[in-house]
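Next come the chains, spelled out residue by residue.
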Amino acid sequence: MRSPLISIVIPVFNEEAVLPELLARLTALFESHPESTWRAVLIDDGSRDESGSIIRAHAARDPRFELVELSRNFGFQAALSAGLAQAADSCAVVTMDADLQDPPEAISALVSAWQGGAEVVRAVRRSRSETGLRRFGFDLFHRFFGKLTDYPIEPNTGTFGLLGHEALQTYNALPERHRFFPGLRAWIGFATADVLYDRQARAAGQPQQNFRRLMSYALDGVFSFSHLPLRALSYAGLGIALAGFAAAIFYAIRRILNIETAPTGYTTLVTLVLFLGGVQLIGIGVLGEYLGRVYEEVKRRPNYIVKQNSRGLGPAAPL
Ligand code: UDP
Ligand code: MG
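Parameters at a glance
Residues numbered from 1 in each chain as written. Chains lettered and ligands numbered in written order. Predicted model: local features only at pLDDT ≥ 70, side-chain atom pairs only at ≥ 80, totals over all residues. Heavy atoms only, no water. Helix = DSSP H or I, 4+ residues; strand = E, 2+ residues; numbered from the N terminus. Rg over C-alpha atoms; globule rule 2.2 N^0.38 Å. Buried < 20%, exposed > 50% of the residue type's maximum accessible area, 1.4 Å probe, protein only. Contact = heavy atoms within 4.5 Å. Areas by Shrake-Rupley, 256 points an atom, 1.4 Å probe, with all protein chains shown as cover. Lys, Arg positive; Asp, Glu negative; His and termini not counted. Charge placed at Lys NZ, Arg CZ, Asp CG, Glu CD. 1 Å grid on protein atoms, 1.4 Å probe; cavity = no way out; pocket = protein on both sides within 12 Å on 5 of 7 lines; lining within 4 Å. Points joined across faces, edges and corners; volume = space filled by probe spheres on them. Nonpolar A, V, L, I, M, F, W, Y, C, P; charged D, E, K, R; others polar. Pairing = 2+ DSSP bridges. Axes fitted to C-alpha atoms, helices over the stretch in contact; angles between N-to-C directions. Phe/Tyr/Trp six-rings, centres within 6.5 Å; stacked < 30°, edge-to-face > 60°. Lys NZ or Arg CZ within 6 Å of the ring centre and 35° of its normal. Core = buried A, V, L, I, M, F, W, Y, C linked by side-chain atoms within 4.5 Å. Parallel < 35°, antiparallel > 145°, perpendicular 65-115°, else oblique. Left-handed = near helix turned anticlockwise from the far one by under 90°.

Draft legend 1. Representation of the overall build of the protein chain in the model. When helices and strands are tallied, the protein chain shows ten helices and eight strands. Taking 319 residues into account, the globule formula puts the C-alpha radius of gyration at 20 Å, and the protein chain, at 25 Å, lies well above it. With the principal axes as the frame, the protein chain shows a C-alpha extent of 95 × 40 × 40 Å. Taken over 319 residues, the protein chain has a buried fraction of 42%. A fraction of 83% describes how many contacts in the protein chain between residues 6 or more apart in sequence connect residues 24 or more apart. When the accessible surface of the protein chain is totalled, it reaches about 16700 Å², and 62% of it is carbon and sulfur. Side chains of the protein chain carry 32 positive and 31 negative charges; the gap between the two charge centres is 6 Å.

This is the structure:
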């Protein structure tokens, strides 16, 4: 029997500072588990530093490493999809960050859980190294997301984890553009196991995902997994309409009974106009979030564009 092919998919964006250590630690992992066939698929997501050439040079020396170069920076989720497509023939695929916050040494535990029968393995953080505002944002999102959707993602999980062949095929066949990996991983189902690990601090360099990117993932997470915002709008509309109706009856009766003598209130009017205007704009904004996503989907543009792929070029013909 051939040993199972396990791929490690890693999106890379401006990570030249951590790459040498990442490649060394992956190689050590591969050497210590000769019972499996290993492959690392590194996706260069339009890096502006030396990341691409570091990986290319390494791939030329060691055929277990592959480089997929995207034509520009498409963002983490798109890069991840590119890697998962490249790894489509694997028996199992491990997804992780390049910055060594997800320690490669935890991979053998993921693989054991998969061999124990799980099709989807999530790495669950025993501890988190982020602090301050970033940490607060992550916590807030997970609490909020859990309340909103039918497929809650476990709060202490991220991208790090493993998909078996079936789960990988299913994920790759999903048609949507706006991809939020942890949410989709929960959505596809399959037997799921959790493995605990300690999340490390970034080995070197700066976080590559800025606040705007993280915010946009959070919104993707909410709007592509929940209709609750739309429903909340309907409820708010209904509530305000009922209150307005009750107020109308109340004031009409006061007029009829001649209790209402005061000139109509300017303050009340201004307050109501501003309040209703605000509610309507929020409503349009929420509709826009969904509409924008519908627009993105119907355009059917690819999630990413591959510029170069080191596969098959082997050591004899480096790129
Ligand atoms: N990354 C990427 N494309 C981007 C931004 C980030 O492929 O546009 C990669 C990055 O190289 C790293 C992973 O995504 O491997 C996670 O990024 P980061 O550590 O900045 O995010 P955080 O840990 O804060 O979620
Ligand atoms: Mg990180």
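Following the structure, the description resumes.
Draft legend 2. Highlighting the layout of surface pockets. One number sums up the size of the largest pocket: a volume of about 1200 Å³. What lines the largest pocket is a set of 50 residues, and nearest its centre among them are Arg134, Phe138, Gln209, Leu214 and Tyr217. Those elements that place two or more of their residues in the lining of the largest pocket are strand 1 (5-12), helix 3 (76-86), helix 5 (132-148), strand 6 (157-164) and helix 8 (211-223). Take the lining of the largest pocket: its biggest share by element is nine residues, from helix 5. Residue composition of the lining of the largest pocket, by class: 26 nonpolar, twelve polar and twelve charged.

Draft legend 3. Just the sheet that holds strand 6, in detail. With respect to topology, eight strands assemble into an open sheet ordered 7-5-6-4-1-2-3-8, the strand pairing being mixed. Both edges of this open sheet fall to strand 7 (192-198) and strand 8 (306-309), since each of them pairs with a single strand only. The average angle at which neighbouring strand axes cross in this sheet is 20°, direction not considered. On the sheet, helix 6 (residues 165-173) packs against strand 4 (92-95), strand 5 (120-127) and strand 6 and is oriented at approximately 115° with respect to strand 6.

Draft legend 4. Structural context of the environment of Val18. Assignment of secondary structure puts Val18 in the loop between strand 1 and helix 1 (19-32). Val18 gets classed as buried once you look at its relative accessible area, which sits at 1%. Placed 86 residues apart in sequence, Val18 and Pro104 show a C-alpha to C-alpha distance of 13 Å.

Draft legend 5. Quick look at the side chain of Arg122. By the secondary structure assignment, Arg122 is in strand 5. Here Arg122 is in contact with Glu154, Thr157, Phe160, Gly161, Arg185, Thr192, Ala193, Asp194 and Val195, once residues within four sequence places are set aside.

Draft legend 6. Structural detail: helix 7 (residues 181-188). Most of helix 7 is tucked away: six of the eight residues are buried. Tucked inside the fold, the buried residues of helix 7 contact helix 3, strand 4, strand 5, strand 6 and helix 6. Just downstream of helix 7, Gly189 is the residue with a positive phi angle, here 85°.

Draft legend 7. Molecular detail of the packing of aromatic side chains. Counted by the stated rule, this structure contains six aromatic pairs. Here the aromatic rings of Tyr171 and Phe181 are separated by 5.3 Å at their centres, their planes lie at 65°, and the arrangement is edge-to-face. Of this pair, Tyr171 sits in helix 6 while Phe181 is found in helix 7, placing the two residues ten residues apart along the sequence. Taking the relative accessible area as the measure of exposure, Phe181 reaches 0% and is therefore buried. A centroid spacing of 5.3 Å and a plane angle of 70° characterise the contact between Phe250 and Tyr251, whose relative ring orientation is edge-to-face. The class for Tyr251 is partly exposed, based on a relative accessible area of 44%. Linked through ring pairs, Phe30, Trp38 and Phe65 together constitute an aromatic cluster. Lying across the ring of Phe74, Arg72 places its NZ or CZ 3.8 Å from the centre.

Draft legend 8. The nonpolar core, seen in detail. Residues Ile8, Ile10, Leu22, Leu26, Leu42, Ile107 and Phe160 are the most contacted members of the largest nonpolar core, which totals 36 residues. The biggest single contributor to this core is helix 1, with six residues. Contact partners of Leu22, with chain neighbours within four places excluded, come to Ile10, Leu42, Met96, Ala98 and Leu100.

Draft legend 9. Structural detail: the packing of helix 9 (residues 228-256) against helix 10 (residues 266-299). It is at 10 Å that the axes of helix 9 and helix 10 come closest, and there the two elements cross at 160°. By the angle between their axes, helix 9 is roughly antiparallel relative to helix 10. Judged by the sense of rotation from one axis to the other, the crossing of helix 9 with helix 10 is left-handed. Contact residues: helix 9 offers Pro229, Leu230, Leu233 and Ile240, while helix 10 offers Phe275, Leu276, Val279, Gly283, Val286, Leu287 and Tyr290.

None of this, on its own, says anything about what the molecule does.
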